[in-house]
Protein chains: 4
Amino acid sequence: MSNEDKVPEFDPKGPELLYAALADHIAARIAVGELQPNMRLAPERELAEEYGVAYLTVRRAMKELRERGLIVTVHGKGTFIAEQPPGDGGP
Amino acid sequence: MSNEDKVPEFDPKGPELLYAALADHIAARIAVGELQPNMRLAPERELAEEYGVAYLTVRRAMKELRERGLIVTVHGKGTFIAEQPPGDGGP
Amino acid sequence: MSNEDKVPEFDPKGPELLYAALADHIAARIAVGELQPNMRLAPERELAEEYGVAYLTVRRAMKELRERGLIVTVHGKGTFIAEQPPGDGGP
Amino acid sequence: MSNEDKVPEFDPKGPELLYAALADHIAARIAVGELQPNMRLAPERELAEEYGVAYLTVRRAMKELRERGLIVTVHGKGTFIAEQPPGDGGP
DNA sequence: GTGGTCTAGACCACG
DNA sequence: GTGGTCTAGACCACA
């Protein structure tokens, strides 16, 4: 945890749903430390353009990350990387 | 009417719009007698801070209450609790 | 009615509120036939840019026009010029 | 013109009107180069506190400076030091 | 990808 | 020193 590896480009090909792939990609950027706690994420519309996906796809990915506790969003202000909780230890 | 019950803290969670929730909360404070006719309400900017919302949100709530006839606002002086009309009696 | 005169540029100078001036300008474009019934108006954000005003100012102007019955807006689809009611005939 | 002298503290004592004294003080800060073209002036309410004067006094001083062409104010954004025109050369 | 609400903070009008 | 309008730009609900 908290390694400084690089996250590969976002290039979804697998059977995974697009919004899930996007959520995973951002989650990876957080895990790797590229996105640090309390940083503000780019606005949702900007993310949509950067990733070349529809706005709604970004919204779904954000919802996913919110539910995983990785981000916190404040209406009208932006969405921020959460203080990362101790990883659940995984499988 | 004019009971002296307490109004619970402002803690919007429901699906209600924030400004509407705020308007309702203040309306409740009036209904319960915490805010009496002719009293001056705190300045809008102060309300915004107290309630932890943006100024515009307070403005919208005030507009709502004005339309309901619960308050009267005078430009440059402040906003005041209106002489309460006979409640519509409800169901 | 339904003349094809031209509406002058939007250039608010008077004491009128900006959003009211904007509403009037669009109302004039409708009156003159430049904007025909059932046409879709440009998106609100685009109007904001075109007119060089803030988004909220456009929103307020739209609200005004909606209340005057000149436009109809559908959430998620756009705002459309209404079937014009018989003008009140004026003086 | 465009000297780099220092402007003395604001300490009105003379018969001059307070808002005029304030305007002159700010004009001096511009003349001396302490306030450069295109810089944003502190918000009016902040200036009122800093100078220890009423808000209205600041507003009047701003009006004065606007009419002298020393500042440009944009509603909702702030007030900015104007590109200084060639001094009128006055005696 | 639209309309709708919210945040933050500026200048304006009025008493 | 209050209420009122405006700027700028964020997230939200809907089709």
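Cut-off values and rules
- Residues numbered from 1 in each chain as written.
- Chains lettered and ligands numbered in written order.
- Predicted model: local features only at pLDDT ≥ 70, side-chain atom pairs only at ≥ 80, totals over all residues.
- Heavy atoms only, no water.
- Helix = DSSP H or I, 4+ residues; strand = E, 2+ residues; numbered from the N terminus.
- Buried < 20%, exposed > 50% of the residue type's maximum accessible area, 1.4 Å probe, protein only.
- Contact = heavy atoms within 4.5 Å.
- Areas by Shrake-Rupley, 256 points an atom, 1.4 Å probe, with all protein chains shown as cover.
- Axes fitted to C-alpha atoms, helices over the stretch in contact; angles between N-to-C directions.
- Parallel < 35°, antiparallel > 145°, perpendicular 65-115°, else oblique.
- Left-handed = near helix turned anticlockwise from the far one by under 90°.
- Nonpolar A, V, L, I, M, F, W, Y, C, P; charged D, E, K, R; others polar.
- Arc of directions from axis to C-beta.
- Expected span 1.5 Å × (residues − 1).
- UniProt positions renumbered as here; feature names shortened; annotations may be inferred.
- Near = heavy atom within 4 Å.
- Polar contact = N/O pair within 3.5 Å; in protein donor to acceptor, adjacent residues only side chain to side chain.
- 1 Å grid on protein atoms, 1.4 Å probe; cavity = no way out; pocket = protein on both sides within 12 Å on 5 of 7 lines; lining within 4 Å.
- Points joined across faces, edges and corners; volume = space filled by probe spheres on them.
- Pairing = 2+ DSSP bridges.
- Phe/Tyr/Trp six-rings, centres within 6.5 Å; stacked < 30°, edge-to-face > 60°.
- Lys NZ or Arg CZ within 6 Å of the ring centre and 35° of its normal.

A few words on the overall build of chain A. A count of helical and extended segments in chain A gives three helices and two strands. Put simply, chain A runs from its N terminus to its C terminus through helices and strands in the order α-α-α-β-β. Here chain A holds 91 residues, and 33% of them are scored as buried. Considering only contacts within chain A whose residues lie at least 6 apart along the sequence, 53% involve residues at least 24 apart. A total accessible area of about 6,300 Å² is found for chain A, and carbon and sulfur atoms account for 54% of it.

All right, on to the packing of helix 2 (residues 44-51) of chain D against helix 3 (residues 55-67) of chain D then. All names here are of chain D. Two numbers describe how helix 2 lies on helix 3: the axes approach to 8 Å, and their chain directions differ by 110°. As summarised for this structure, helix 2 and helix 3 are arranged roughly perpendicular, according to the angle between their axes. The interaxial crossing formed by helix 2 with helix 3 has right-handed handedness. In this structure, helix 2 uses E44, R45, L47 and A48 to contact helix 3, whose residues at the interface are Y55, V58, R59 and M62. Tallied by class, residues from the contact of helix 2 with helix 3 come to five nonpolar, no polar and three charged.

Residue and element names in this part refer to chain B. Listed as buried for helix 2 (residues 44-51) are E44, L47, A48 and Y51. The arc that holds every buried residue of helix 2, seen down its axis, measures 105°, which confines them to one face. Those residues of helix 2 that are exposed and aimed more than 90 degrees away from the buried face are E49 and E50. Buried residues in helix 2 make contact with helix 1 (18-31), helix 3 (55-67) and strand 2 (78-81). Phi for G52, located one or two positions after helix 2, is positive at around 70°.

The next subject is helix 3 of chain B. Residues and elements named next belong to chain B. Along its 13 residues, helix 3 runs 19 Å from first to last C-alpha, staying within 8% of the 18 Å computed at 1.5 Å per residue. Those residues of helix 3 hidden inside the fold are in contact with helix 1, helix 2, strand 1 (71-74) and strand 2. Just past helix 3, the residue G69 takes up positive phi, approximately 80°.

With that settled, the discussion passes to the UniProt feature "domain: HTH gntR-type" (unreviewed entry) in chain A. When the UniProt feature table is mapped onto this chain, "domain: HTH gntR-type" (unreviewed entry) is found at residues 16-84 of chain A. The distance separating the terminal C-alpha atoms of residues 16-84 of chain A is 25 Å; by composition the span is 51% helix and 12% strand.

Lining the immediate environment of DNA strand E, one finds 43 residues, of which L18(B), T57(B), R45(C), R59(C) and R59(D) sit closest. Within 4 Å of the protein, the contacting atoms of DNA strand E are 65% sugar and phosphate, with bases supplying the remainder. E44(C) places a main-chain nitrogen or oxygen 2.9 Å from a phosphate oxygen of DNA strand E. Contact distances for DNA strand E include 3.4 Å between a phosphate oxygen and a backbone N or O atom of T79(D). Tallied by class, residues from the surface near DNA strand E come to 14 nonpolar, 15 polar and 14 charged.

Okay, the side chain of T79(A) next. Residues and elements named next belong to chain A. Its place among the elements puts T79 in strand 2 (residues 78-81). Residue T79 is classed as buried on the basis of its relative accessible area, which comes to 8%. Sequence-distant contacts of T79, that is, excluding residues within four places in its chain, are made with M39, R40, L41, E44, M62, I71, V72 and T73.

One number sums up the size of the largest pocket: a volume of about 1,600 Å³. Lining the largest pocket are 36 residues, and of these R45(B), Y55(B), R59(B), R45(D) and H75(D) sit closest to its centre. A total of four residues in the lining of the largest pocket trace back to one element, the largest contributor, which is helix 3 of chain B. Among the residues making up the lining of the largest pocket, the classes are represented as 13 nonpolar, 11 polar and 12 charged. Those elements that provide at least two residues to the lining of the second largest pocket are helix 1 and helix 3 of chain B together with helix 3 (55-67) of chain C. Per-class residue counts for the lining of the second largest pocket are nine nonpolar, three polar and 13 charged.

The next point concerns the pairing of strand 1 (residues 71-74) of chain C. Residue and element names in this part refer to chain C. Alignment of strand 1 against strand 2 (residues 78-81), held across four bridges, turns out to be antiparallel. By the bridge assignment for strand 2, T73 is matched with T79. Where strand 1 hands over to strand 2, the hairpin turn is made up of three residues, of which G76 adopts a positive phi near 90°.

Let's shift gears to the protein's contact with DNA strand F. Residues in contact with DNA strand F amount to 42 residues; listed here are only the nearest, R59(A), R45(B), R59(B), L18(C) and T57(C). Contacts to DNA strand F include R45(A), whose side-chain N or O atom sits 3.3 Å from a base nitrogen. Along the lines of polarity and charge, the residues of the surface near DNA strand F split into 14 nonpolar, 15 polar and 13 charged.

Applying the stated criterion to the full structure yields four aromatic pairs over all chains. Pairing F10(B) with Y51(B) gives two aromatic rings, centres 5.0 Å apart and planes at 85°, and the pair type is edge-to-face. Taken together, the residues span a long stretch of sequence, with F10(B) in the segment before helix 1 and Y51(B) in helix 2 at a distance of 41 residues. Side by side, F10(B) and Y51(B) carry an identical accessibility label, which is buried. Taking NZ or CZ as reference, R45(A) lies 4.5 Å from the ring centre of Y55(A), over its face.

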